[in-house]
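Per-entry structural report
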Amino acid sequence: QSTWGHLFSPIFSLDVLERSRVETSHFFPFAGSLMAAPEPDAKVAARMSRIKHKILVLSGKGGVGKSTTATRLALDLVRRGFTVGLLDIDLCGPSIPKMLGVDDRIVHQSSDGWVPVYANEARTLCVMSLAFLLGSKTDAVVWRGPRKNAMIAQFLRDVVWGPLDYLVVDTPPGTSDEHISVVQMLQSCDPDGAVIVSTPQNVALADVRRQMSFCELVGLRVLGVIENMSGFVCPCCNEVTNVFGDGGAEHLAELKGLRFLGRVPLDPRIGESADIGSMSVPVHDAFVGVVDNILAEISSSV
């Protein structure tokens, strides 16, 4: 069992959960605007000052491939010679360690804080996730907002990220506690912005519109929109089938005046490699183009 199990037990007693309720008020939006953000955390600012770029990966809809996109983005940045941190704040469904094949690792404590898990021998990709702190892979995380907020603060404040070129933050679906917390804590640290992931169909796009509204509400720049699972290429005949439709995310990006980052087709090899914890599939040309567009959008604001 992880040495942190006693500190981060996934299930709390009812009295703790009830006491948590009174602490949530200033984290939630009321009357169309956020309540006053907490004072900037000096230790978070100090940690983040050593990281050149911070990118959040968002989607209002679950199941659109957001965590896979965040992982592939981090891996492609490493392939280009950058040093990268990958932070998984999907606290109730942390899947990044599994995709990278490091879910059996534990986090160690140093005199300066928590040491993230390194996912490659060159130590150019480091990862932090609640999955490393749980006693069992099957533990359910039954947490109210304040506990989530505190955990995210610890990830930003107490992890020894060191100097990095990029920090990629994978978020859960929706526009709730985790999103508000990480944006508030990074507001004074000049985040580059958010990459929004969608699939082409209208059901997903409706939730993505809400995510865009969230970004506008909290003042978070949107770097662009990715249309994921855009077409399936048959491995036998190369015929393309648009399983979830085609072009919906691109049209939405145009309507909102945002950069369309590109279409990424369904590739069975990606799912298979994530399942076995080996994201070693060669990067698809379409995804290389997506990363090129993300870097171009970041460069345009420098």
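Report on the accompanying structure. Keep in mind the model is a prediction, meaning the values are calculated, not measured.

Okay, the pattern of salt bridges next. In the structure shown here, the tally under the stated rule is 15 salt bridges. Between Arg221 and Glu297 there is a salt bridge, with the nearest N and O atoms lying 2.9 Å from each other. Taken as a pair, Arg221 in the loop between helix H7 (202–218) and strand S11 (222–233) and Glu297 in helix H10 (residues 285–300) lie far apart in primary sequence, 76 residues in all. For the salt bridge of Glu297 with Arg259, the shortest nitrogen-to-oxygen distance reads 2.6 Å. Of this pair, Glu297 sits in helix H10 while Arg259 sits in the loop between helix H8 (248–256) and strand S13 (260–266), placing them 38 residues apart in sequence. By relative accessible area, Glu297 is classed as buried at 14%. Connected through salt bridges with shared partners, the residues Asp76, Arg79, Arg80 and Asp292 form a single ionic network.

With that out of the way, let us pick up the environment of Ala119. Along the chain, the position of Ala119 falls in the loop between strand S7 (117–118) and strand S8 (125–129). When the C-alpha positions of Ala119 and Val102 are compared, they lie 6.7 Å apart, and in sequence the two are 17 residues distant. Each residue touching Ala119, except ones within four places of it in the same chain, is listed here: Leu100, Val102, Leu125 and Val127.

On to H10. If you check H10, its first and last C-alpha atoms are 23 Å apart, about what 16 residues at 1.5 Å a residue would give, namely 22 Å. Every buried residue of H10 is listed here: Phe287, Val288, Val290, Val291, Ile294, Leu295, Glu297 and Ile298. Looking at the packing, one finds that the buried side of H10 touches strand S3 (51–58), helix H3 (66–79), strand S9 (164–170), strand S10 (193–198), S11 and S13.

The rules we used
- Residues numbered from 1 in each chain as written.
- Predicted model: local features only at pLDDT ≥ 70, side-chain atom pairs only at ≥ 80, totals over all residues.
- Heavy atoms only, no water.
- Salt bridge = Lys/Arg side-chain N within 4 Å of Asp/Glu carboxyl O.
- Helix = DSSP H or I, 4+ residues; strand = E, 2+ residues; numbered from the N terminus.
- Buried < 20%, exposed > 50% of the residue type's maximum accessible area, 1.4 Å probe, protein only.
- Contact = heavy atoms within 4.5 Å.
- Expected span 1.5 Å × (residues − 1).

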